[in-house]
2 protein chains.
Amino acid sequence: MDARRWLMGRITEAGLTAEIDGIGNVYGWDRQAKRKVLSGSHLETQNRSGWLDGAMGVIYALEAARSIRENPSLKGLGVDVAAFCDEEGHFISYLGSRSLVGDLSEAEMDSLVNRETGQPLRDALSAAGLAGLPRHRLAAKDYVAYVEGHIEQGNTLENKGATLGIVSAIVGNWQYEIEVLGQQNHAGSTRMAQRRDAGLELVRLLGAIDARFPALVTPDTVWTTGKIVLDPGAKSIVPGKATALFQFRDVDERLLTRLGVELEDILKEANANGRCQITATRISMNRPALMDAKLQQSITNTAQQRYPGASISMPSGAGHDGLWLSTVLPTAMLFVPSIGGISHHWSEDTCDDDITRGAEVFTASVVDMLREPD
Amino acid sequence: MDARRWLMGRITEAGLTAEIDGIGNVYGWDRQAKRKVLSGSHLETQNRSGWLDGAMGVIYALEAARSIRENPSLKGLGVDVAAFCDEEGHFISYLGSRSLVGDLSEAEMDSLVNRETGQPLRDALSAAGLAGLPRHRLAAKDYVAYVEGHIEQGNTLENKGATLGIVSAIVGNWQYEIEVLGQQNHAGSTRMAQRRDAGLELVRLLGAIDARFPALVTPDTVWTTGKIVLDPGAKSIVPGKATALFQFRDVDERLLTRLGVELEDILKEANANGRCQITATRISMNRPALMDAKLQQSITNTAQQRYPGASISMPSGAGHDGLWLSTVLPTAMLFVPSIGGISHHWSEDTCDDDITRGAEVFTASVVDMLREPD
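So, a few notes on the structure that sits alongside this text. For clarity, every value in this text was computed on a predicted model and none was experimentally measured.

1. What to know about the relation of the copies chain B and chain A
Line of reasoning, step 1. Superposing chain B onto chain A requires a rotation of 180 degrees together with a translation of 0.0 Å along the rotation axis, leaving an RMSD of 0.0 Å. Look at the turn and shift together and you get a two-fold axis relating the two. Within chain B, B:V203 has its C-alpha nearest the rotation axis, a separation of 2.8 Å.
Line of reasoning, step 2. When the interface residues of chain B are mapped onto chain A, 100% of them are again interface residues, pointing to one common binding face.

Next comes the structure, spelled out in C-alpha cells:
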C-alpha cells in the first residue's frame, strides 16, 4: 500500500487523475486525451525478489503518459496508466488484470486466500482500506491498444547481443498441485518393505517427469517444481503426506495438452505400481497469447529507426498481465535485458542504459500507435 | 513443563523424592533402597505425535518403583525413575540421557537451538525456570542395570503374533543434512538448458539413493528422507537452494560405514555431472548398541514363566535413551506392540491388555534383576 500511495503521488504530479479500485489496482487517467493507449504492469513481485519485475513497466507507462501529455504536438493523444495488483499470485495469478477485463467474480473473490498466510482476500482488502470500493471494468472501445514494458527475466537478449525484445507471444502455463498420501510412521522401526513413504513416492514421480518430459518438448519448453512439502517434515518420521507445486509452459497449446496427458499417464503408473495414493489437481491453465502483429511491427520499426540492430522478436516464457489484456485489446510487449538472466531473486537487475533506451523506444512506439489511423 | 510437574506429583505420591535438573530431566529417587535399578524413558515425542512413545516407559518405571517399594518382601531393593528430556531431538537427540551419562558439555549446550523455531536451548531453559539448576550426573556404581520399557513403533511383534519384545540391540543411526546450491530464477523465462535447479538436482540425488541403496542392505536396514525444503519455495521460481534431512539405520556398524561411503560416491557423481553444488553434512552418528545378555535372559525367563510363547528377541530399529545409558550401565529394553506398527503419528496406540501385560513382565523382570547376586 505504501508503494501504491507513492505511485498515486507520482501520477498526480504527472497531471493524471489517480485512482485506486476495489481490487487494489492503481490507475492514472488522462482526462484530456481523446485517443488513448492503456499501459502498465504490476508493483508486487515474488517475496524477497527484485526491484524491476513489474515496477519498471508501471514507470514506463507513467513516463509515456507524462511525456506525451507534455508535448503540445501530441495534443489529444494520451496514455492511461495501470498498476495491476498481485500479478504473481500471492492470492491468485493476474488478480488485478483479471478484475479489469471482467474475468473475476465476487464469488471467486470470496474464495481466495493468501497462499502463504491463509489470510482471506476479503480480510486483506479490508485491512488495506479497500473493502467496498468499486472495481474498475475496462471499456475496450476507449483504447487503441494495451502496451506493456517489462524486464525479460531470462537471458535470451543477452545471449543474442540484443537490448530490446519485441514479444511475439506469451507462453501458456499449466499449474498443478500434486499430493501424495502415504502412512506417517517411525523412521527407525518401520521396515522399507512395509512403508508407504509419501516423500519417496513424490521423488519417484518427479524423477519420472524428469526422465520422460525431455522427449516431448522443444528447447523453449520449461517445467518446474517450485515447492515441495513433506508432512510432518521431521528427520525421524516417514512422511505420511507430500505435496508439490508443478508447472509447465510453452507457446504451443497442443504441446501443453500433450504434456498434461503425459503427466496423467505418469500418475496412473505411479498409482498402479506404488503404495501411495497420488493426485494432481490443475490449479491454473493459462492459454498461450499471441501479441498483435501490427503493434509488434510498430515497435520493430521504432526500434530499428533509433537503435538499428538492437532488437529481436522473441516469445515470453513468463506470463504477464498482457496475457489477460490481450483477451480484450490488441496487445504488445517490449522487453529489456535482465543481467545474467536473473529474476525472481533480489539480485535481479538491468543496466541503466538498457532501462532508459527501453523507455525511449517504448514511448516512441506508443506515440506511433496513437498516430496511426484505426 | 506441565507434564513434568504432573509427573513430579505422581513420583511424590509413590513415596519417591522428585527432582528436576538443569537440563529438564525429571527424577524420582528411592532414598530407602540399597540395591537399585535405574529405569525410565522420555516424556516429549515428535510434534503432533502419539501418547505412548516415551511416556509409557516412564510410567512403567514409576509403576515398578512403586510396587517394589510397597512390597515388604522386597525391602532394600528399589528403582530410581528418570524422564529424559528431548529424546527426539527438538534441540538434539537424546539431550537428557546424554546429559545424565556425562556426554553433554556446557559449551555444546551454549550452541544448541530448537530446530523448528531457532530458539537457543539456554533461552528455553530460562523460560522454563530451569536456568542455573545443576545437572545430575550418573554414578554407575549406584545401579545394577538400566531397564527401559517402550512401544515397538513398528509391526514386527504384530507380524509374529508376539506381545513382548526383548531387545537384542539398538540400531545405529547416521543422519545427514544435504544441501544443494543452484541459481534461483524465473520459472517461465529461464530455459531448461540454462537452469541450475537445486530442487531438481536434489530429486535426482534422492532418486540415485533409492536406486542404489537396496543392493547394499539387509531387509532390516532403513533409510529415510524426512524433510525437504526448496528455497524460496514458490510456484514460479526455479529453486536456488534445496535442503533435505536424510538418515540410515542398521545394527551393523560396518554396513553403516558402507552406506556412508556410497552416499559420498553418489554425491561426488552428482557434483561432477550436475550444475549445482551439493554437500552432505553428517549431523549425528549414533553407533549401534548391544543390550546386556544377562539382563535379556532375565526378561526372557520372566516372560516365559508368565506368558509362555508371548515373547520374541528382536533388534530395535528406533533409537532410545537406552542407547546412551548402555555406554555406562548394563542395559535392557522391553517392547510392547504398536497397533498397525504406527508411531510418530497421533493415531499411535497399543491394546490395554498389551500395556498392562508389559508392565507386569517389566516389573517382575526388574525384581529378578535386583534379586540376582552381583
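More follows now that the structure is in view.
2. A short note on the pattern of salt bridges
Line of reasoning, step 1. Under the counting rule described, the total for this entry stands at 47 salt bridges over all chains.
Line of reasoning, step 2. Its salt-bridge partner being A:R204, residue B:D210 comes within 2.7 Å of it at the nearest N-O pair. Residue B:D210 is located in helix α7 (residues 198–212), and its partner A:R204 is located in helix α7 (residues 198–212); the two belong to separate chains.

3. Regarding the pairing of strand β1 (residues 17–20) of chain B
Residue and element names in this part refer to chain B.
Line of reasoning, step 1. By the bridge criterion, four bridges tie β1 to strand β2 (residues 26–29) in an arrangement that is antiparallel. Bridged to A18 within β2 is G28.
Line of reasoning, step 2. Where β1 folds back onto β2 in an antiparallel hairpin, the turn is made up of five residues, including G24, whose phi is positive at roughly 100 degrees.

4. Points about helix α11 (residues 352–371) of chain B
Line of reasoning, step 1. With 20 residues, α11(B) should reach 28 Å at 1.5 Å per residue; the first-to-last C-alpha distance of 29 Å fits that figure.
Line of reasoning, step 2. Of all 20 residues that make up α11(B), 14 are buried, and the element is covered over most of its length.

5. A word on the packing of aromatic side chains
Residue and element names in this part refer to chain A.
Line of reasoning, step 1. Considering all chains together, one arrives at 18 aromatic pairs over all chains under this definition.
Line of reasoning, step 2. Residues F213 and F248 carry aromatic rings whose centres are separated by 5.9 Å and whose planes lie at 65 degrees to one another, so their mutual orientation is edge-to-face. In this pair, F213 is assigned in the loop between α7 and β9 (222–231) and F248 in strand β11 (residues 241–250), connecting sequence segments 35 residues apart. Summarising the burial analysis for this pair, F213 and F248 share the class buried.
Line of reasoning, step 3. Members of the aromatic cluster, joined through ring pairs, are W174, Y176, F213, W223, F246 and F248.
Line of reasoning, step 4. In this arrangement the basic side chain of R357 is found over the ring face of Y307, its NZ or CZ atom lying 5.2 Å from the centre.

6. Some remarks on the sheet that holds strand β12 (residues 277–286) of chain A
Residues and elements named next belong to chain A.
Line of reasoning, step 1. Judged by pairing direction, the sheet is antiparallel, and its four strands sit side by side in the order β9-β11-β7-β12 without closing on themselves. Of all the strands in the sheet, just β9 and β12 have a single pairing partner and so form its edges. Between one strand and the next, the sheet's axes are offset by a mean angle of 15 degrees, whatever the strand orientation.
Line of reasoning, step 2. Alignment of strand β7 (residues 172–181) against β11, held across ten bridges, turns out to be antiparallel. Bridging across to β11, E177 finds its partner in L245.
Line of reasoning, step 3. In the packing of α7 onto the sheet, the strands contacted are β7, β9, β11 and β12, and the crossing angle to β11 comes to about 15 degrees.

Definitions and limits used
- Residues numbered from 1 in each chain as written.
- Chains lettered and ligands numbered in written order.
- Predicted model: local features only at pLDDT ≥ 70, side-chain atom pairs only at ≥ 80, totals over all residues.
- Heavy atoms only, no water.
- Least-squares fit on C-alpha atoms with pLDDT ≥ 70 in both.
- Contact = heavy atoms within 4.5 Å.
- Salt bridge = Lys/Arg side-chain N within 4 Å of Asp/Glu carboxyl O.
- Helix = DSSP H or I, 4+ residues; strand = E, 2+ residues; numbered from the N terminus.
- Pairing = 2+ DSSP bridges.
- Expected span 1.5 Å × (residues − 1).
- Buried < 20%, exposed > 50% of the residue type's maximum accessible area, 1.4 Å probe, protein only.
- Phe/Tyr/Trp six-rings, centres within 6.5 Å; stacked < 30°, edge-to-face > 60°.
- Lys NZ or Arg CZ within 6 Å of the ring centre and 35° of its normal.
- Axes fitted to C-alpha atoms, helices over the stretch in contact; angles between N-to-C directions.

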